[in-house]
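Each chain is listed here by its residues.
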Amino acid sequence: MQTLAPRTARLRPSRYQRGTCCAAQEQDSVENEAQAVHKPGPLSWFRAQHQKAQQGKDRLKALGSGAVLAYGALVHVSTTAVLVTAFLAYEARTGLNPVKNLVGVFKLYALMAAGNSAAMPLRLAGAAALAPVVDKVTGVLENRFGFNKFWSSTVVMGSIIGVSVFVVGGLFLSRLLLFVGWTSLRQQKVAVWALPRLATAEDGSQRSLHNSRINAVATETATAPLTKDDLVAYLASGCKPRERWRIGTEHEKLGYTIATKRRLEYEQIGQLLTQIKERFNWQPIVEGGNIIGLLQDGQSVTLEPGGQFELSGGILDSLHKTCAEVNTHLYQVKSISEEMGIAFLGTGFDPKWKFEDVPQMPKARYKIMREYMPKRGDLGRDMMFRSCTVQVNLDFESERDMVEKFRIGLALQPVATALFANSPFKEGKPTGFLSWRSRVWTDTDPDRCGNLPFVFEPGFGFERYVDYVLDVPMYFVYRDGTYHDVSGQSFRDFMKGRLPGLPGVVPSLKDWETHLTTVFPEVRLKRFLEMRGADGGPFRLICGLPALWVGLLYDEEAQQQCLDLTSDWTQQEMDYLREEVPRQALRTPFRGGTVQDLAIEVLEIARGGLERRGKEEGKYLQQLEKIAESGETQADRLLHLYETEWNRSVDPYFSPEFSF
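Residues numbered from 1 in each chain as written. Predicted model: local features only at pLDDT ≥ 70, side-chain atom pairs only at ≥ 80, totals over all residues. Heavy atoms only, no water.

**Observations concerning the overall build of the chain**
- If you tally the helices and strands in the chain, you get 24 helices and 19 strands.
- Across the 660 residues in the chain, those meeting the buried criterion constitute 53%.
- When contacts within the chain are restricted to residue pairs at least 6 apart in sequence, long-range pairs at least 24 apart make up 74% of them.
- Entry remark: accessible area of the chain is about 29,100 Å², with carbon and sulfur atoms responsible for 55%. (Helix = DSSP H or I, 4+ residues; strand = E, 2+ residues; numbered from the N terminus. Buried < 20%, exposed > 50% of the residue type's maximum accessible area, 1.4 Å probe, protein only. Contact = heavy atoms within 4.5 Å. Areas by Shrake-Rupley, 256 points an atom, 1.4 Å probe, with all protein chains shown as cover.)

**Looking at the pairing of strand β2 (residues 283-287)**
- Taken together, the 5 bridges between β2 and strand β3 (residues 290-296) define a ladder with antiparallel strand orientation. When the sheet's bridge partners are listed, Pro284 is paired in β3 with Leu294.
- Turn length for the β2-β3 hairpin, with the two strands adjacent in sequence and antiparallel, is 2 residues, and the turn residue Gly288 shows positive phi of about 60°. (Pairing = 2+ DSSP bridges.)

**Side note on unusual backbone geometry**
- Of note, Ala585 is a non-glycine position whose phi angle comes to about 55°, a positive value.
- Examined against the element boundaries, Ala585 turns out to sit in the loop between α21 (571-584) and β18 (589-590).

**Notes on the side chain of Thr566**
- Here Thr566 shows up in helix α20 (residues 556-566).
- Given the relative accessible area of 10%, Thr566 is considered buried.

**With respect to the pairing of strand β12 (residues 482-485)**
- Two elements, strand β11 (residues 476-479) and β12, share 4 bridges in a ladder whose sense is antiparallel. Bridging from a neighbouring strand, Tyr478 pairs with Tyr483 of β12.
- As consecutive antiparallel partners, β11 and β12 are separated by 2 residues, and within that stretch Asp480 has a phi angle of approximately 55°, a positive value.

**Quick look at a nonpolar patch on the surface**
- On the surface, Phe145, Phe147, Phe150, Trp151 and Val155 cluster together into a nonpolar patch covering about 530 Å² of accessible area.
- Of all the elements, helix α6 (residues 149-185) adds the most residues to the nonpolar patch, at 3 residues.
- With respect to the helices and strands, the residue Phe150 is situated in helix α6.
- With a relative accessible area of 54%, Phe150 lands in the exposed category. (Patch = residues over 30% accessible without salt bridge, like charges linked within 9 Å, V, L, I, M, F, W, Y side chains within 5 Å. Salt bridge = Lys/Arg side-chain N within 4 Å of Asp/Glu carboxyl O.)

**Things to note about helix α17 (residues 509-516)**
- All of the buried residues in α17 are Leu509, Asp511, Trp512, His515 and Leu516. In an axial view of α17, the angular spread of the buried residues amounts to 150°, which keeps them on one side of the axis.
- In this structure Ser508 caps α17, since a side-chain oxygen of it lies 3.2 Å from the backbone nitrogen of Lys510. (Arc of directions from axis to C-beta. Polar contact = N/O pair within 3.5 Å; in protein donor to acceptor, adjacent residues only side chain to side chain.)

**Details of the state of the cysteines**
- The tally for this structure, following the rule as stated, stands at 1 disulfide.
- Between the sulfur atoms of Cys323 and its disulfide mate Cys543 the distance is 2.3 Å. Here Cys543 lies in the loop between α18 (539-542) and α19 (544-553) and Cys323 lies in helix α10 (residues 319-340), a separation of 220 residues in the sequence. As far as burial versus exposure is concerned, Cys323 and Cys543 are alike and both buried. (Disulfide = S-S within 2.5 Å.)

**Description of the pattern of salt bridges**
- Within this structure, the stated rule accounts for 36 salt bridges.
- Among the salt bridges present, the one from Glu557 reaches Arg612, with a minimum N-O distance of 3.6 Å. Of this pair, Glu557 sits in helix α20 while Arg612 sits in helix α22 (residues 595-613), placing them 55 residues apart in sequence.
- Judged by its relative accessible area of 42%, Glu557 is partly exposed.
- With its nearest N and O atoms 2.4 Å apart, the salt bridge here joins Arg637 to Glu657. One end of the pair, Arg637, is in helix α24 (residues 634-643); the other, Glu657, is in the segment after α24, with 20 residues separating them in the sequence.
- Residue classification places Glu657 among the exposed residues on the basis of a relative accessible area of 53%.

**A look at the packing of helix α8 (residues 228-236) against helix α15 (residues 462-470)**
- One way to put it is that α8 packs onto α15 with a least axis distance of 9 Å and a crossing angle of 115°. Two packed elements cross with a definite hand, and for α8 against α15 that hand is right-handed. From α8, Lys228, Leu231, Val232, Leu235 and Ala236 reach across to α15, where they touch Phe462, Glu463, Tyr465, Val466, Asp467 and Leu470. (Axes fitted to C-alpha atoms, helices over the stretch in contact; angles between N-to-C directions. Left-handed = near helix turned anticlockwise from the far one by under 90°.)

**Brief notes about the packing of aromatic side chains**
- For the structure on display, the rule yields 25 aromatic pairs.
- Through a chain of ring-to-ring contacts, the aromatic side chains of Tyr372, Tyr475, Phe476, Tyr478 and Tyr483 assemble into a single cluster.
- Stacked on the ring of Tyr475, the Lys or Arg Arg448 has its end atom at 4.1 Å from the ring centre. (Phe/Tyr/Trp six-rings, centres within 6.5 Å; stacked < 30°, edge-to-face > 60°. Lys NZ or Arg CZ within 6 Å of the ring centre and 35° of its normal.)

**Quick notes on the environment of Thr260**
- With respect to the secondary-structure elements, Thr260 resides in the loop between β1 (247-257) and α9 (266-280).
- According to the relative accessible area criterion, Thr260 is partly exposed, its value standing at 44%.
- Put simply, Thr260 and Asp651 are 391 residues apart on the chain and 9.9 Å apart in space, counted from C-alpha to C-alpha.

**Quick look at the environment of Val326**
- Assignment of secondary structure puts Val326 in helix α10.
- With residues up to four places along the chain from it excluded, the contact list for Val326 reads His251, Leu311, Phe539 and Ile542.

**Details of the confidence of the model for the chain**
- Summing up the model confidence of the chain, the mean pLDDT is 83 and the portion of residues at 70 or higher is 76%.
- Confidence drops under a pLDDT of 50 for residues 1-39, and excluding neighbours within four residues, the segment shows 49 contacts in the predicted structure.
- Overall, residues 179-219 carries pLDDT values under 50, and its contacts beyond four positions in sequence, including any with other chains, amount to 101 contacts. (pLDDT = per-residue confidence, 0-100.)

**A look at the nonpolar core**
- In terms of nonpolar packing, the biggest core is built from 114 residues, with Phe406, Tyr465 and Trp549 touching the most fellow members.
- Looking at which element gives the most residues to this core, the answer is helix α13 (residues 399-419), with 11 residues.
- Apart from residues lying up to four places away in sequence, Phe406 is in contact with Leu452, Val455, Phe460, Tyr465, Val523, Leu525 and Leu529.
- Formed by 20 residues, the second largest nonpolar core is a distinct cluster that contains Phe349, Tyr366, Phe476 and Phe520. (Core = buried A, V, L, I, M, F, W, Y, C linked by side-chain atoms within 4.5 Å.)

As structure tokens, this is what we get:
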């Protein structure tokens with residue numbers, strides 16, 4: 001069998017070589033290596049490597065002490081380079097501090113070192129080339145300082161080893177200090193460790209920030225085991241400098257057939273989505289062969305369980321762009337809806353149809369949720385199939401800023417609920433609530449809804465929120481195109497690969513991202529904050545919600561005024577507002593006045609915040625200011641019409657005046 005001579009056989013003696021190697025010896029060496037490599041048996045590869053190493057040593061001896069020292073220097077340099085590369089590669093690949101998982105780093109190092117050993121012939125060649133330089137250096141030490149050969153060689157090698165130790169030790173020490181600093185400073189509500197990656201993060205669809213760790217494991221199948229610190233870092237990666245704060249607005253609307261006032265079947269919605277796609281160049285989202293959504297320029301159109309039509313807007317830097325986006329979407333929807341004889345009601349809750357009358361959309365995840373909901377509350381299915389909301393998504397600068405915004409959002413969410421109250425009917429009758437949608441959330445699932453009192457406790461931050469979400473039971477796991485029902489099971493067990501239905505399967509950050517969307521507090525934390533307390537409504541109010549919260553939370557002075565306003569509110573008072581505002585809205589008594597008084601004060605703060613932004617956005621508060629001054633919400637107006645012009649029927653509600 002013909003064999004190729006190994007690379008060591010192709011080395012040519014340099015002019016500096018202190019010895020000779022006859023051609024016969026060279027040929028014998030080549031033949032011995034070839035025999036070793038091709039000798040059968042599992043140890044043949046190791047024998048070959050041993051022979052190559054021995055031959056290398058023989059060649060070094062023949063080249064002299066300078067070559068031996070040069071080879072040692074190259075070994076240290078290459079080993080240091082491999083270790084540093086492994087260290088930094090682990091950090092870049094996982095987004096984790098390598099000091100926290102040295103075992104993983106050294107596993108990667110061992111793998112790379114195995115490849116590094118294959119470069120021995122190159123190091124031999126390099127040693128032969130560098131030998132004259134090393135001999136010259138040792139000669140200078142011997143002649144100028146009187147060192148003998150041993151001490152001159154020791155000084156040379158010691159210097160090289162010292163540099164290697166300095167480089168590697170400095171790298172480890174820097175990450176060790178960073179780790180210790182993050183651990184202690186987390187208690188000061190500053191996500192220090194996550195911040196170095198934020199400068200290069202960019203916005204993407206669904207407001208995702210692309211750092212290395214998140215890209216590495218935010219896939220369907222986990223590429224690395226998740227730790228709790230990964231989950232904390234995921235949330236912390238949402239921190240942004242103020243100049244990069246953006247606004248994201250989402251709104252839902254209720255589709256119906258104009259002739260019958262019945263809710264839309266999927267076939268009608270599918271046709272609408274297809275027409276929007278074809279006329280306005282959207283990209284389709286397909287599941288099981290059914291079109292279930294659209295994508296375009298950071299926006300998405302999706303379907304809620306009962307066919308509620310939702311626009312999740314792009315990430316925009318002004319309220320003007322937000323309102324223009326909403327207006328464009330509604331134009332596209334209406335231009336096709338009119339041809340189809342359908343329309344969309346701007347409301348917070350289906351005023352007419354029972355749960356059994358609502359068509360169900362062909363989305364597998366909703367089937368799992370639909371079956372689980374009745375186990376935890378009486379109104380969960382109503383939330384899924386009959387409610388509509390408008391919400392705004394806002395950025396934060398740091399963990400401390402997130403905590404302040406979260407607390408303000410929870411405290412003042414009842415004010416938004418009152419101002420946007422627009423769901424007084426259920427199954428054709430008044431419910432006794434001005435925001436039945438908000439009431440529904442109080443009896444949906446106590447595990448994942450509510451006021452979150454722990455947000456107001458000392459020490460609250462990203463980690464505490466992670467603990468909360470980890471204890472919220474799961475709904476499903478998505479793998480290989482299938483939603484696996486794991487309802488009621490623990491994400492903590494998932495992280496250990498102990499889900500009964502999926503043994504050995506562990507989560508990716510994509511799973512964590514999905515799980516975060518299955519908790520439903522009034523304010524929800526992802527890598528941004530969602531304000532979730534408002535009913536769906538007419539166009540003029542859709543723009544009002546982002547105007548309210550941007551004015552309150554995107555201006556430092558306004559944010560401080562909100563903190564001052566709510567700082568002495570007790571948890572009992574906030575729970576009272578959460579319970580009572582859905583019923584009475586602005587008329588809810590509070591601290592010697594009413595929520596109407598509170599709303600007027602909050603809107604004054606918001607207007608000041610918008611004016612200081614300098615973008616002439618205050619006009620988007622005008623409709624809310626009219627509601628606050630008059631004390632009459634959209635729900636109050638609907639109830640008045642119901643008792644008078646509508647002759648106690650909700651059918652006139654399905655009219656162009658209240659529809660898109």
